[in-house]
Amino acid sequence: MTKGEWSGVTSHSHVGTAVRLNRLSRFRDGRFLFIPLDHSVSDGPIADAAPFRDLVRSLVAGGADALVVHRGRARSLPPSLLAECPVIMHMSASTAQGRDPDEKVLVAAVEDAVRLGADAVSVHVNIGSDTEAAQLADLGAVAARCDQWGLPLLAMIYPRGPRVDNPHEVALLRHVVNIAADLGADLVKTTWCDPVEEMAAVVASSPIPVLVAGGPGRGADLVAYGQAAMAAGCGGLAIGRRVFQHPQPGVMVRRLAEVVHQDMGNSLTDPLRALAGSS
């Protein structure tokens, strides 16, 4: 595989999807560092409007492959901020004040993402929740629309609900990532194994790239966690809260980008330095 190519592009049957998947790997190595910023719907604002734009600027400069935002937030961002970084439009929502926060509903359409110029969409599904069936139906319906439009689909799929005792159990995570693949996702984000090195068994079971979420908090070393996840074969990282709550989000993203895209050598370091200088 030469620089600028990866096998996932050529193996996808829809040319538009393949092109956009290639864009989502900013350094064209088939690895991904996504920063979800959709938390303002579920939990409340990440930052006021102007500081949010500054946050986005620092994440782009740091080397994020893509940002995950809801459609209204995407419209509020100056296009110039996103010239070097694709947007993944998130289509699912629930709030911490709801009767069942694990019940995710669709609040946007694939066509909205096309109109916004997004390069992908994401859908959240909680396996084991009381509304699992409806969420699975939504995932399948969105996957069908994505196929029609040539838009990649990221499934954020978690074992989460009253029937889940241990969301970090290997067999359960192997199950959920394959649900995502079977229902038509191109990429899947899920929670981590405990220990994270056991993600190797999850990755081995999946026909699509597995991105792992942010890992345990409580002062744990995020960079070391990312290194362990990538060493286990994960296709990338999708980390939101532990990045945007960091005292220096741009610095943390740069360190994570170096972990995710480690075999890019100077081809990674030079663009990141140039981006940081323009921020």
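Criteria and cut-off values
Residues numbered from 1 in each chain as written. Predicted model: local features only at pLDDT ≥ 70, side-chain atom pairs only at ≥ 80, totals over all residues. Heavy atoms only, no water. pLDDT = per-residue confidence, 0-100. Contact = heavy atoms within 4.5 Å. Pairing = 2+ DSSP bridges. Helix = DSSP H or I, 4+ residues; strand = E, 2+ residues; numbered from the N terminus. Axes fitted to C-alpha atoms, helices over the stretch in contact; angles between N-to-C directions. Expected span 1.5 Å × (residues − 1). Buried < 20%, exposed > 50% of the residue type's maximum accessible area, 1.4 Å probe, protein only. Arc of directions from axis to C-beta. Phe/Tyr/Trp six-rings, centres within 6.5 Å; stacked < 30°, edge-to-face > 60°. Lys NZ or Arg CZ within 6 Å of the ring centre and 35° of its normal. Parallel < 35°, antiparallel > 145°, perpendicular 65-115°, else oblique. Left-handed = near helix turned anticlockwise from the far one by under 90°. Nonpolar A, V, L, I, M, F, W, Y, C, P; charged D, E, K, R; others polar. Core = buried A, V, L, I, M, F, W, Y, C linked by side-chain atoms within 4.5 Å.

**Section: the confidence of the model for the protein chain**
The predicted model of the protein chain averages 90 in pLDDT, with 89% of residues at 70 or higher. The low-confidence segment residues 264-269, where pLDDT is below 50, has nine contacts with residues more than four positions distant or belonging to other chains. Taken together, the stretch residues 271-279 has pLDDT below 50 and engages in 17 contacts with residues farther than four places along the chain or on a different chain.

**With respect to the sheet that holds strand E8 (residues 187-190)**
Ordered by their spatial adjacency, eight strands build a closed barrel running E1-E2-E3-E6-E7-E8-E9-E10, and the pairing between neighbours is parallel. For this sheet the average axis-to-axis angle between neighbouring strands, irrespective of direction, equals 25 degrees. Two strands pair when backbone bridges link them, and strand E9 (residues 210-212) and strand E10 (residues 236-238) are joined in this way by two bridges, in the parallel orientation. Residue pairing in the sheet places leucine 211 in a bridge with glycine 236 of E10. Docked against the sheet, helix H2 (residues 15-24) engages strand E1 (32-36), strand E2 (66-69), strand E3 (87-90), strand E6 (120-127) and E8, running at close to 80 degrees with respect to E1.

**Re helix H7 (residues 132-149)**
Each α-helix turn comprises 3.6 residues. Residues three or four places apart therefore point the same way. Its 18 residues place the ends of H7 26 Å apart at the C-alpha level, agreeing with the 26 Å of an ideal helix rising 1.5 Å per residue. Taken together, the buried positions of H7 are Gln135, Leu139, Val142, Ala143 and Cys146. The buried residues of H7 occupy an angular sector of 110 degrees when the element is viewed end-on, so they sit on one face. The outward face of H7, more than 90 degrees from its buried face, is lined by the exposed residues Ala133 and Gln148. On its buried face, H7 is in contact with strand E5 (105-106), helix H6 (110-116), E6, strand E7 (153-159) and helix H8 (170-182). Looking one or two residues past H7, glycine 150 carries a phi angle of roughly 70 degrees, positive in sign.

**Quick word on the packing of aromatic side chains**
Tallied over the entire structure, the rule returns one aromatic pair. Aromatic side chains phenylalanine 32 and phenylalanine 34 sit 5.5 Å apart centroid to centroid with 55 degrees between the ring planes, which places their arrangement in the tilted category. For phenylalanine 32, a relative accessible area of 0% corresponds to the buried category. The side chain of arginine 160 reaches across the aromatic face of tyrosine 158, ending 4.5 Å from its centre.

**With respect to the packing of helix H4 (residues 49-62) against helix H12 (residues 249-260)**
Following both chains from N to C, one finds H4 and H12 inclined at 25 degrees, their axes separated by 8 Å at the closest point. Considering the angle they form, H4 stands roughly parallel to H12. The element H4 and its partner H12 pack so that their crossing is right-handed. In this structure, H4 contributes Leu55, Ser58, Leu59, Ala61 and Gly62 to the contact, and H12 contributes Pro249, Gly250, Val253, Arg254 and Ala257. The class makeup of the residues in the contact of H4 with H12 is six nonpolar, three polar and one charged.

**A closer look at the nonpolar core**
Core analysis: the biggest nonpolar cluster contains 71 residues, and Leu37, Leu67 and Met199 have the highest contact counts within it. Tallying contributions element by element places H8 first for this core, with seven residues. In this view, methionine 199 contacts Leu173, Thr190, Thr191, Trp192, Cys193, Val210, Val212, Ala232 and Cys234; residues no more than four positions away in its chain are not counted. Residues Phe34, Ala66, Leu211 and Ala238 belong to the second largest nonpolar core, which totals 15 residues.

**So, H4**
Compared with an ideal rise of 1.5 Å per residue, which puts 14 residues at 20 Å, H4 spans 20 Å between its outermost C-alpha atoms and is within 8% of the ideal. Those residues of H4 lying buried are Phe52, Leu55, Val56, Leu59, Val60, Ala61 and Gly62. Glycine 63 occupies a position one or two residues after H4 and carries a positive phi of about 115 degrees.

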